[in-house]
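Observations on the model geometry
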Amino acid sequence: AMHFIYDTGLNEYALYRDCAGGLPPHYSRWRMAMSHLFNTYGLSLPDPPKPQINGSGMHTSTNRVGVIPPCLNATAEIAWLNDPDVRKALHIPDVVQPWDFCSDNVHDQYKTVYSSMHDQYMALLPKYRALVYNGDTDLACNFLGSQWFVEALNLPALSPTTPETQPWTYNDQGAGFVK
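Since this is a predicted model, take the numbers as computed values, not measurements.

Cut-off values and rules
- Residues numbered from 1 in each chain as written.
- Predicted model: local features only at pLDDT ≥ 70, side-chain atom pairs only at ≥ 80, totals over all residues.
- Heavy atoms only, no water.
- Helix = DSSP H or I, 4+ residues; strand = E, 2+ residues; numbered from the N terminus.
- Buried < 20%, exposed > 50% of the residue type's maximum accessible area, 1.4 Å probe, protein only.
- Contact = heavy atoms within 4.5 Å.
- Areas by Shrake-Rupley, 256 points an atom, 1.4 Å probe, with all protein chains shown as cover.
- pLDDT = per-residue confidence, 0-100.
- Pairing = 2+ DSSP bridges.
- Phe/Tyr/Trp six-rings, centres within 6.5 Å; stacked < 30°, edge-to-face > 60°.

Describing the overall build of the protein
For the protein, the count of helices and strands is seven helices and two strands. For the protein, the α and β elements follow one another from N to C terminus as α-α-α-α-α-α-α-β-β. Relative to its full complement of 179 residues, the protein shows a buried share of 19%. Partitioning the contacts of the protein with sequence separation of at least 6, the portion at a separation of at least 24 is 52%. Total accessible area on the protein is roughly 13,500 Å²; 58% of this is exposed by carbon and sulfur atoms.

Structure, rendered in structure tokens:
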């Protein structure tokens, strides 16, 4: 499934939108994303399959993580976050490297601290209101995972007179569901 998403032009962040930048090789990005999943469970990511002779196999780019995830155009974010005035306003010292969308340095030092944010939500919810929002065509942060997470919080419904899940509308148009 990951090969199909990363190498066929599906926009994993907005399924019905075009993939910005076309179909460059994204294999190194896929390996980075999968390595975090495997590391969480103490497993090693297997060696990649060799590309098929007909070219339909996974890309085997030698680039490290420092690539933009597939289908995103981060030109504006990179330019803005590296603007000297913005860095100054954010109190970023000159010795700190320029901001990049994906960083080999951050990836190499990243350690998973929490396998779930359940405890953090439970500590914050008595004090703050929260909204967990996902688009229904977003494969990267899919709505099912968020729905299961919210259900696992075992919180009461919005009110005793409304169903557990109800439609959410904006200007008389369906915008999703609220729980």
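Next, the rest of the story.
Details of the confidence of the model for the protein
On average, the protein scores 74 in pLDDT, and the residues at 70 or more come to 68%. The low-confidence segment residues 49-66 (pLDDT under 50) makes 33 contacts with residues lying over four places distant or belonging to another chain.

Remarks on unusual backbone geometry
A negative phi holds for most residues other than glycine; trans holds for most peptide bonds. One non-glycine residue, Asn 154, lies in the positive phi region at around 55 degrees. When you line up the elements, Asn 154 lands in the loop between helix H7 (143-152) and strand S1 (166-170). For Asn 154, a relative accessible area of 66% translates into the label exposed.

Thoughts on the pairing of S1
Summarising the sheet, S1 and strand S2 (residues 173-178) pair through five bridges and their orientation is antiparallel. Bridging from a neighbouring strand, Tyr 170 pairs with Gln 173 of S2. Hairpin connection from S1 to S2: two residues lie between these consecutive antiparallel strands, with Asn 171 at a positive phi of about 50 degrees.

Regarding the packing of aromatic side chains
On inspection of all chains with the given rule, the structure shows two aromatic pairs. For the ring pair Tyr 121 and Phe 149, a centre distance of 4.9 Å and an interplane angle of 70 degrees mean the geometry is edge-to-face. Taken together, the positions of Tyr 121 in helix H6 (residues 118-124) and Phe 149 in helix H7 put the pair 28 residues apart, joining distant regions of the chain. Given a relative accessible area of 21%, Phe 149 falls into the partly exposed group. Ring centres of Tyr 133 and Trp 168 lie 6.3 Å apart, and the angle between their planes is 90 degrees; this geometry places the pair in the edge-to-face category. Taken together, the residues Tyr 133 in the loop between H6 and H7 and Trp 168 in strand S1 connect sequence positions 35 residues apart. Relative accessible area serves as the criterion here: at 54%, Tyr 133 is assigned to the exposed category.

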